[in-house]
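Below, each chain spelled out in residue letters.
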Amino acid sequence: MKTVQRKICLLGDFSVGKTSLVRQFVEGRFDDRYLSTIGVKISRRQISRPDYLLNLLIWDLAGGDDYDDVTSGYLRGAAGILMVCDLTRPLTLHTLRKYRKQLDEIKLDPVVVIAANKVDLVAERAVDDSLLEELSQQINAPYLLSSAKTGEGVAAAFDQIAGLLEKKKS
Amino acid sequence: MKDSKLPPNLIEKRVVEHLGTRFAYALLDPQFKIKSTSFNFNELAAPEGEGLQGMPLADLFPELIGLEESMGELLSGDLEALNLDAVNRLVQNGSEGEEVVQYFNFTLFPADRRRPGEGLIFLIEEVSDQANLRQDLVQERNQLRLTQGELARANRELQRLDQIKTLFLSMAAHDMRTPLSVISGYIELIQDMIRDDEPQDKSLINRDLTIMQDQVHWLNRLILNVLDLNLIENELLVVDRQPFDMRLAVEQVARSTQNMFKNARQHLSYHVPTADVFVLAESDRIKQVLFNLVGNSFKFISRGGRVHIDLRSDIDRQKAILAIEDDGPGIDKAYQKHLFKLHYRTPESNEVQGTGLGLYIVKKLVDQHEGTIWVESEVGQGTRFVIELPLLSNLQKVS
Ligand SMILES: Nc1nc2c(ncn2[C@@H]2O[C@H](COP(=O)(O)OP(=O)(O)OP(=O)(O)O)[C@@H](O)[C@H]2O)c(=O)[nH]1
Ligand SMILES: [Mg+2]
């Protein structure tokens, strides 16, 4: 069967759960502790699509609202971006708007999916669906609810990116 | 001059020693395959790798997959250099064999500036010390921001609760005035009757006392709600659940609110099944739920309005279903989902007495009984509150 390699980057404010999503997706586990990422960590996972195998190279970047030149260097060659926000911190949605603007400025047009993460923290949730709809329209990317803790929506997020990549190609 | 030509790897070693950093490099052909490497390349980049010559660099560094286009631009001279800073790599740590994160900077640039198409140099530099320092700083900054965020949130929540408390106090005081003024009116009436020195019609006095009694019950329930709010806020609300026939609650609540309805020229009716409807519940709490819901409907219906309590059991789903229906003004869809929140009141309900506490407490009590509650209503069509509780099986009833 044919194998295709694609680079996917995770973007989002600090502590929204980027590293945790990758850990859940690649290693199937979750860690409660928070260790801020410095630079970038690249992991791989293969997923099977209807008629080919997709090797994902997943770039977990350091989070923050201060997007700089370094970040754009990391984004070179990215086919897809998983933008992550935290359902317990409304400000993290705004960070994604900034990222979108900066992507447009450097004329990068990867496929984008939004993961609204930490959906397991029901009591602390501070972002309702209408805010997500709005964000999704502004950024022009579909969103889904995810939890790196329970695994909900994690594989689905990467599958959705794969689906969008196929659609874009055809 | 015998020593003037040191072997190249010795020069490299000295340079590396002198700079005090760990770096290594490889020369790549235009297909990005390794042509040659510095003496220490293996040590930094390929612990077990021998015979790296001819190997595509991306086999050693998957980090470079996806960057083919940019690397092509290096060869064509369109790009001067390509940097990847602080790439995290898991490295086996010495004898223990445990894995630790090390950080590396990668740089790619043409080997010959004037003829970039000939090949590239790949430079790898270990920067763990700086990165670890940065990690400490960033970690601290991020933790601090998270704490700030939490504090701000806690602060807003406190302010909100504070506002609610103030609002609640004034509403509660307002609500309590109604039964109190009714009671005080009847006391005066009875005092007048006694002062008149006439032989008294006992049944008249008795009727007035009954009305006063109803109002005292009403006051009592308002006060109970206030007390329960305290329990709920401090997470101390517990229910003592025993096998209990729900029909009793319906009958008792209907009986003791009957007068209140009659005096207001309103109608209360109920229906219970002939077979028992056993649930695991604290009977007083179930009555409190009913009182609150019936009292709520009572407030919103107009003169001549109706409230109906309906109890049935759904054997298939093993549920007791209790519904309280009224022909009042109905509730706008937009407000329905907020109804059970603390002190939420619809704009229409502003003129009607009630602390707005009742539904919140009802919801908490139903939760404590592992039940569900919802509302079905449309503006102008009346309102129906429905509660479902798990039915007790025959076995449980006996034990
Ligand atoms: N309950 C819950 N906690 C989560 C979830 N995802 C992440 N966390 C926690 O949130 C904290 C931050 O997670 P990370 O994955 O390190 O966040 P990050 O986005 O990689 O952060 P930076 O590397 O600083 O950008 C950690 O304590 C995680 O355990 C989730 O879905 N649910
Ligand atoms: Mg991270």
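These numbers were taken from a predicted model, which means no experiment stands behind them. (Residues numbered from 1 in each chain as written. Chains lettered and ligands numbered in written order. Predicted model: local features only at pLDDT ≥ 70, side-chain atom pairs only at ≥ 80, totals over all residues. Heavy atoms only, no water.)

Some thoughts on helix H10 (residues 358–368) of chain B
Then comes step 1: When H10 of chain B is considered as a whole, its buried residues turn out to be Gly358, Leu359, Tyr360, Ile361, Val362, Leu365 and Val366 of chain B.
Then comes step 2: Residues of H10 of chain B that are buried in the fold lie against helix H6 (202–233), helix H8 (283–300), strand E11 (372–377) and strand E12 (383–390) of chain B. (Buried < 20%, exposed > 50% of the residue type's maximum accessible area, 1.4 Å probe, protein only. Helix = DSSP H or I, 4+ residues; strand = E, 2+ residues; numbered from the N terminus. Contact = heavy atoms within 4.5 Å.)

Concerning the coordination of the magnesium ion (ligand 2)
Then comes step 1: Each protein donor to the magnesium ion (ligand 2) is listed here as Thr19 of chain A (OG1) and Thr37 of chain A (OG1); together their distances run 1.9 to 2.1 Å. A residue pair is termed long-range when its members are at least 10 positions apart, and Thr19 of chain A in helix H1 (residues 18–27) and Thr37 of chain A in the loop between H1 and strand E2 (40–49) qualify at 18 residues. (Donors = N, O, S within 2.8 Å, 3.2 Å for Na, K, Ca; no water.)

Remarks on the site of ligand 1
Then comes step 1: Around ligand 1 sit 25 residues, and of these Lys18, Ser20, Asp31, Tyr34 and Asp120 of chain A come closest.
Then comes step 2: Flanking ligand 1 are residues from chains A and B.
Then comes step 3: Measuring from an oxygen atom of ligand 1, one finds a side-chain N or O atom of Lys118 of chain A at 3.2 Å.
Then comes step 4: Contact with the protein chains removes 94% of the 660 Å² of surface that ligand 1 exposes when unbound.
Then comes step 5: Top contributing element to the shell around ligand 1 by residue count: H1 of chain A, with three residues.
Then comes step 6: By residue class, the composition of the shell around ligand 1 is seven nonpolar, 10 polar and eight charged. (Near = heavy atom within 4 Å. Polar contact = N/O pair within 3.5 Å; in protein donor to acceptor, adjacent residues only side chain to side chain. Areas by Shrake-Rupley, 256 points an atom, 1.4 Å probe, with all protein chains shown as cover. Nonpolar A, V, L, I, M, F, W, Y, C, P; charged D, E, K, R; others polar.)

With respect to the interface of chain B and chain A
Then comes step 1: With 26 residues of chain B at the interface, the matching set in chain A holds 25 residues.
Then comes step 2: Across the chain B to chain A interface the summed buried area is about 2200 Å²; carbon plus sulfur atoms make up 58%.
Then comes step 3: Contact with chain A buries area across many residues of chain B, yet Ile65, Asn88 and Leu146 of chain B alone supply 23% of it, more than any other trio.
Then comes step 4: Where chain B touches chain A, the interface holds zero salt bridges.
Then comes step 5: Across the chain B-chain A interface, the total number found is 11 residue pairs in polar contact (both at pLDDT 80 or more).
Then comes step 6: For the side of chain B that touches chain A, the secondary structure elements donating two or more residues are helix H4 (68–75), strand E3 (82–93) and helix H5 (128–195) of chain B.
Then comes step 7: A per-element tally of the side of chain B that touches chain A places H5 of chain B first, with 11 residues.
Then comes step 8: Taken together, the residues of the side of chain B that touches chain A break down into 12 nonpolar, seven polar and seven charged.
Then comes step 9: As judged from the two bridges shared by E2 of chain A and E3 of chain B, these two strands associate in the parallel manner. Note that in E3 of chain B the partner of Val40 of chain A across the bridge is Val87 of chain B. (Buried area = accessible area lost by both parts, 1.4 Å probe. Salt bridge = Lys/Arg side-chain N within 4 Å of Asp/Glu carboxyl O. Pairing = 2+ DSSP bridges.)

What to know about the packing of H8 of chain B against H10 of chain B
All names here are of chain B.
Then comes step 1: Here H8 crosses H10 at 150 degrees, and the two axes come no closer than 9 Å. Classified by the angle between their axes, H8 and H10 sit roughly antiparallel to one another. Seen from above, H8 lies across H10 with left-handed handedness. In this structure, H8 uses Arg285, Gln288, Val289, Asn292, Leu293 and Asn296 to contact H10, whose residues at the interface are Gly358, Leu359, Ile361, Val362 and Leu365.
Then comes step 2: Of the residues assigned to the contact of H8 with H10, the class counts are six nonpolar, four polar and one charged. (Axes fitted to C-alpha atoms, helices over the stretch in contact; angles between N-to-C directions. Parallel < 35°, antiparallel > 145°, perpendicular 65-115°, else oblique. Left-handed = near helix turned anticlockwise from the far one by under 90°.)

Here we look at the packing of H1 of chain A against helix H5 (residues 154–169) of chain A
Packed helices, taken two at a time, are described by the angle between their axes plus the distance between the axes.
Residues and elements named next belong to chain A.
Then comes step 1: Two numbers describe how H1 lies on H5: the axes approach to 9 Å, and their chain directions differ by 90 degrees. Of the possible angle classes, the one that applies to H1 and H5 is roughly perpendicular. Within the contact between the two elements, H1 uses Leu21, Gln24 and Phe25 and H5 uses Val154, Ala155 and Phe158.
Then comes step 2: Tallied by class, the residues present in the contact of H1 with H5 amount to five nonpolar, one polar and no charged.

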